[in-house]
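Listed below, chain by chain, are the residues.
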Amino acid sequence: MLKLGVNIDHVATLREARYRGRGAGEPDPVAAALQCEAAGAHGITAHLREDRRHIQDRDVWALRERIKTRLNLEMANAPEIIAIALKLKPDIVCLVPERRLEVTTEGGLDAAAHEKALTKTCKKMNDAGIEVSLFIAPDERQVEAAARIGSQFIELHTGAYAESFGRKRERNAELQRLVKAAKQAHSLGLRVNAGHGLNCQNLPVLHLVPHLVELNIGHSLVSRAVSVGLAAAVKEMLALMKDYRG
Ligand code: PXP
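Computed from a predicted structure; not experimentally measured.

About the criteria used
- Residues numbered from 1 in each chain as written.
- Predicted model: local features only at pLDDT ≥ 70, side-chain atom pairs only at ≥ 80, totals over all residues.
- Heavy atoms only, no water.
- Buried < 20%, exposed > 50% of the residue type's maximum accessible area, 1.4 Å probe, protein only.
- Helix = DSSP H or I, 4+ residues; strand = E, 2+ residues; numbered from the N terminus.
- Pairing = 2+ DSSP bridges.
- Axes fitted to C-alpha atoms, helices over the stretch in contact; angles between N-to-C directions.
- Contact = heavy atoms within 4.5 Å.
- Arc of directions from axis to C-beta.
- Near = heavy atom within 4 Å.
- Polar contact = N/O pair within 3.5 Å; in protein donor to acceptor, adjacent residues only side chain to side chain.
- Areas by Shrake-Rupley, 256 points an atom, 1.4 Å probe, with all protein chains shown as cover.
- Nonpolar A, V, L, I, M, F, W, Y, C, P; charged D, E, K, R; others polar.
- Parallel < 35°, antiparallel > 145°, perpendicular 65-115°, else oblique.
- Left-handed = near helix turned anticlockwise from the far one by under 90°.

A. The pairing of strand 5 (residues 131-136), seen in detail. Burial analysis of strand 5 places 6 of its 6 residues in the buried class, the great majority of the element. The side-chain alternation of strand 5 yields two buried faces, one formed by Glu 131, Ser 133 and Phe 135 and the other by Val 132, Leu 134 and Ile 136. Bridge count for strand 4 (residues 92-95) against strand 5 is 4 bridges, and the pairing is parallel. In the strand pairing of strand 5, Cys 94 is matched with Ser 133. Summarising the sheet, strand 5 and strand 6 (residues 153-157) pair through 4 bridges and their orientation is parallel. Among the inter-strand pairings, Phe 135 is bridged to a residue of strand 6, identified as Glu 155.

Okay, here's the thing in structure tokens:
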């Protein structure tokens, strides 16, 4: 069964737009996470950015305490955040780029260029009982690097696929890149997640990508929640995911 991880960053974005620096405020990303779980989500994702743009430290501690599914902490490979993760002990961390330097032209983590540093962090996390995922573009070099680094998962960046969705030839090319990368990763023993830019329109076609374990979806769910509520938005997405055959 294809799993849904809900990224709640944009619930915090909305709160910070009004209540930045106030230590509390609405909407509460933790309450949102609990609603997502009650609606059937398999995990909760939050990105504790170095600039604390949306999710705050207090949010990740409250999430760790209160959610019953898996906590996926998205994070940069940065010493301050690594130290927090090792104390927080999320079920999994997903290492993502935050600075331009670390970003490949495709927008994922440049795992190939940062192999040594990522290997070190991966080992630290694994030694603490935390699984590791690397957010990478569907690119052969990056998948090979992820396998060498020793992460348990990769998360394939679906942003280019989502962006090109309205242009059939480009979309099919992006889809083929995702298919190829998923097959390559699977053959190397990596488990495969995917995310970024996914929504109810582009999700059914993504079913053509094999070996997917979990999708991480944020913006489209939080946006849809404005119209139908968060629980209904999560249920709609889960209904679209249930026919996935791998
Ligand atoms: N996966 C990763 C690694 C991300 O950085 C993001 C965006 O925060 C997502 C998934 C979710 O993307 P979206 O909000 O476009 O659904």
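B. Molecular detail of the sheet that holds strand 5. Strand order around the closed barrel formed by 8 strands is 1-2-3-4-5-6-7-8, with parallel pairing between neighbours. Within this sheet the neighbouring strands show an average axis-to-axis angle of 25 degrees, counted without direction. Two strands pair when backbone bridges link them, and strand 3 (residues 70-75) and strand 4 are joined in this way by 4 bridges, in the parallel orientation. Its bridge partner lying in strand 4, Glu 74 is registered against Cys 94. Here helix 6 (residues 140-149) sits on the sheet in contact with strand 5 and strand 6, set at roughly 165 degrees to strand 5.

C. Examining helix 4 (residues 79-88) more closely. Among all positions of helix 4, only Ile 81, Ile 82, Ile 84, Ala 85 and Leu 88 are buried. Across the axial projection of helix 4, the buried residues extend over an arc of 160 degrees, all falling on one side. The exposed set on the far side of helix 4, more than 90 degrees from its buried face, consists of Pro 79 and Lys 87. Positioned one or two residues after helix 4, Lys 89 has a phi angle of 55 degrees, which is positive.

D. Spotlight on the site of the ligand. Taken together, 13 residues are adjacent to the ligand, and Glu 74, Glu 155, Gly 197, Gly 218 and His 219 come closest. The separation between an oxygen atom of the ligand and a polar side-chain atom of Glu 74 is 2.9 Å. Relative to its unbound accessible area of 400 Å², the ligand is 89% covered by the protein chains. Considered class by class, the residues forming the shell around the ligand number 3 nonpolar, 7 polar and 3 charged.

E. Region of interest: the packing of helix 2 (residues 29-38) against helix 3 (residues 57-66). In the contact formed by helix 2 and helix 3, the axes pass within 9 Å of each other and the chain directions differ by 30 degrees. Viewed along their axes, helix 2 and helix 3 adopt a mutual orientation that is roughly parallel. Our pair here, helix 2 against helix 3, has a crossing hand that is right-handed. Across the interface between the two elements, Pro 29, Val 30, Ala 33 and Leu 34 of helix 2 pack against Asp 59, Ala 62, Leu 63 and Arg 66 of helix 3. Looking at side-chain class alone, the contact of helix 2 with helix 3 contains 6 nonpolar, no polar and 2 charged residues.

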